[in-house]
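Survey of secondary and tertiary structure
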Amino acid sequence: MPQASLFSAPPPVSPEGAPRLVAHRTRHRIAPFRFLRAESFEAADILLRANPGAVPMAGGLDVVNRMKEGVTPPAVVWLGAIPGADAITHEGDDLVIGAACRHDQLATSPLVQALLPDLAAVWGRIASSRIRAQGAVVGNVMADVPAYEGPALLAALGAQLTVLANGRSETLALADRQEEATAPVLVTALRVPLAAPSGVRRLVYDRSLRPALAVALSLDVADGQVLAARAVLGAGHARPVVRAVPATGRTLGEMAAQAPDLAAQAFADLPDFTTPWAGRTAYRRRVAPQLLSRLLKEAAR
Ligand SMILES: Cc1cc2nc3c(=O)[nH]c(=O)nc-3n(C[C@H](O)[C@H](O)[C@H](O)COP(=O)(O)OP(=O)(O)OC[C@H]3O[C@@H](n4cnc5c(N)ncnc54)[C@H](O)[C@@H]3O)c2cc1C
């Protein structure tokens, strides 16, 4: 009897009997769809509403990969042609990152390097140069892939999403995004709050144990004293877990000296890990405060 090969095997069939495009990571298998080029965010919002099931697309890395795997949106609304959609600006107390801004633009932006140098430095370590040149920061956040690093880093900085829904613009804290909130939204920009002029905002990050987990720490400091410290555990759950570190009022030296204890307190009540990992859950729970402790010492230097 002839053996079925990868090439001769019939396409997988869904329970309803219809052929399903799965496990074929080639663009030749992508089902027909409408490609809609938005000229403005308002137009994109209208196009998304007029085409139920349509998805917004920035760099397209995830959208196209998912289509190769058999996801079949009837239409794709491309945001990359919207004038100024990739801009990074300084508005009031915020750094504003446009929805089409790519990783590389963020990492190399002179404005970001001047206003929040740690953000630029950390972003330059994400992914490969090819991915950084194509993938958008907002695409990384909205892809909802727990191992992606954007959500944890931006949640540590208290970033907010500006979203357009039904013609209305609203702002939503990234850390407040709920897992169950599945209604499609159109993000027009990310707002990252900056430190008060009298202080400094640090961002330090440990990605050495990805995809098991990653830890980010933001620290506001003025006159050598901690004003606020926020730790985020990424990759272990559907959404990053954000915790305050009880270091407020301490000097940097005190924070460094008490780092293991502060880290243990901050991560004392971690929810059960939910993302798949071959290792033991207890390991992730034990190592997360250790990474945070190291970051507290690093940020104190
Ligand atoms: C080989 C490879 C390596 C990678 N390595 C890393 C890594 O080391 N670290 C890391 O963090 N990431 C990594 N990534 C992920 C990468 O950063 C993301 O794929 C990329 O940022 C997605 O951006 P995009 O513009 O291509 O998104 P798209 O594919 O355009 O969109 C992604 C998702 O976001 C939605 N979306 C896009 N824009 C909007 C918007 N404005 N409003 C609402 N929804 C929107 C889309 O509908 C889709 O669901 C890697 C990816 C690849 C392929």
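Above this note sits the structure.
I will try to describe carefully the structure that is included in this document. (Residues numbered from 1 in each chain as written. Predicted model: local features only at pLDDT ≥ 70, side-chain atom pairs only at ≥ 80, totals over all residues. Heavy atoms only, no water.)

**Some remarks on the sheet that holds strand β3 (residues 75-78)**
A sheet is described by the order of its strands in space; here 3 strands give the open sequence β1-β3-β2, paired in parallel fashion. Each end of this open sheet is capped by a strand with a single partner; those strands are β1 (34-37) and β2 (55-57). In this sheet, adjacent strand axes meet at a mean angle of 30 degrees when their direction is disregarded. Pairing of β1 with β3, which is carried by 4 bridges, proceeds in the parallel orientation. Following the sheet pairing, Phe35 is matched in β3 by Val76. Here helix α1 (residues 41-50) sits on the sheet in contact with β1, β2 and β3, set at roughly 175 degrees to β3. (Pairing = 2+ DSSP bridges. Helix = DSSP H or I, 4+ residues; strand = E, 2+ residues; numbered from the N terminus. Axes fitted to C-alpha atoms, helices over the stretch in contact; angles between N-to-C directions. Contact = heavy atoms within 4.5 Å.)

**Section: the sheet that holds strand β9 (residues 200-206)**
The strands making up a sheet are joined through hydrogen bonds of the backbone, oriented either antiparallel or parallel. One open sheet holds the 4 strands; their spatial order is β9-β10-β11-β12, and the pairing between them is antiparallel. Two strands in the sheet have a free side with no partner beyond their single neighbour: β9 and β12 (241-244). Strand-to-strand twist in this sheet, taken as the mean axis angle between neighbours without regard to direction, amounts to 15 degrees. When β9 meets strand β10 (residues 214-222), the two strands line up antiparallel, connected through 7 bridges. Counted as the bridge partner of Arg202 is Leu219 from β10. Taken strand by strand, helix α11 (residues 281-300) contacts β9, β10 and β11 (225-234), and its axis lies near 30 degrees from that of β10.

**Focus on the pairing of strand β5 (residues 94-98)**
Burial analysis of β5 places 5 of its 5 residues in the buried class, the great majority of the element. The two faces of β5 match: Asp94, Val96 and Gly98 on one face and Leu95 and Ile97 on the other face are all buried. Hairpin connection of strand β4 (residues 88-91) to β5: 2 residues between the antiparallel strands, including Gly92 at a positive phi of 60 degrees. Across 5 bridges, the pairing between β5 and strand β8 (residues 186-193) is antiparallel. What sits directly across from Ile97, in β8, is Leu190. (Buried < 20%, exposed > 50% of the residue type's maximum accessible area, 1.4 Å probe, protein only.)

**Examining the nonpolar core**
Core analysis: the biggest nonpolar cluster contains 50 residues, and Leu106, Leu119, Trp123 and Leu154 have the highest contact counts within it. The contacts of Leu154, once residues within four sequence positions are left out, are Trp123, Val137, Val141, Ala159, Leu174, Leu190 and Val192. Counting 30 residues, the second largest nonpolar core, distinct from the first, contains Val221, Val241, Ala259 and Val287. (Core = buried A, V, L, I, M, F, W, Y, C linked by side-chain atoms within 4.5 Å.)

**Notes on helix α10 (residues 259-266)**
Turning to α10, its buried residues number three or more, namely Ala259, Leu262, Ala263 and Ala266. Seen end-on, α10 carries its buried residues on one side only, within an arc spanning 100 degrees. In this structure, the buried residues of α10 make contact with β12, α9 (252-257) and α11. (Arc of directions from axis to C-beta.)

**With respect to the site of the ligand**
Pro56, Ala58, Gly59, Asp62 and Glu149 are the nearest of the 30 residues found near the ligand. The contact in question runs from an oxygen atom of the ligand to an N or O atom on the backbone of Gly60, over 2.9 Å. Residue Val63 places a main-chain N or O atom 2.9 Å away from an oxygen atom belonging to the ligand. Burial of the ligand by the surrounding chains reaches 86%, relative to a free accessible area of 980 Å². The set of elements that each furnish at least two residues to the shell around the ligand consists of β2, α2 (61-68), α7 (137-142) and β8. Residues from two domains meet in the shell around the ligand; each of domain 1 (27-78) and domain 2 (88-193) gives at least three. (Near = heavy atom within 4 Å. Polar contact = N/O pair within 3.5 Å; in protein donor to acceptor, adjacent residues only side chain to side chain. Areas by Shrake-Rupley, 256 points an atom, 1.4 Å probe, with all protein chains shown as cover. Domains from an automatic or database assignment.)

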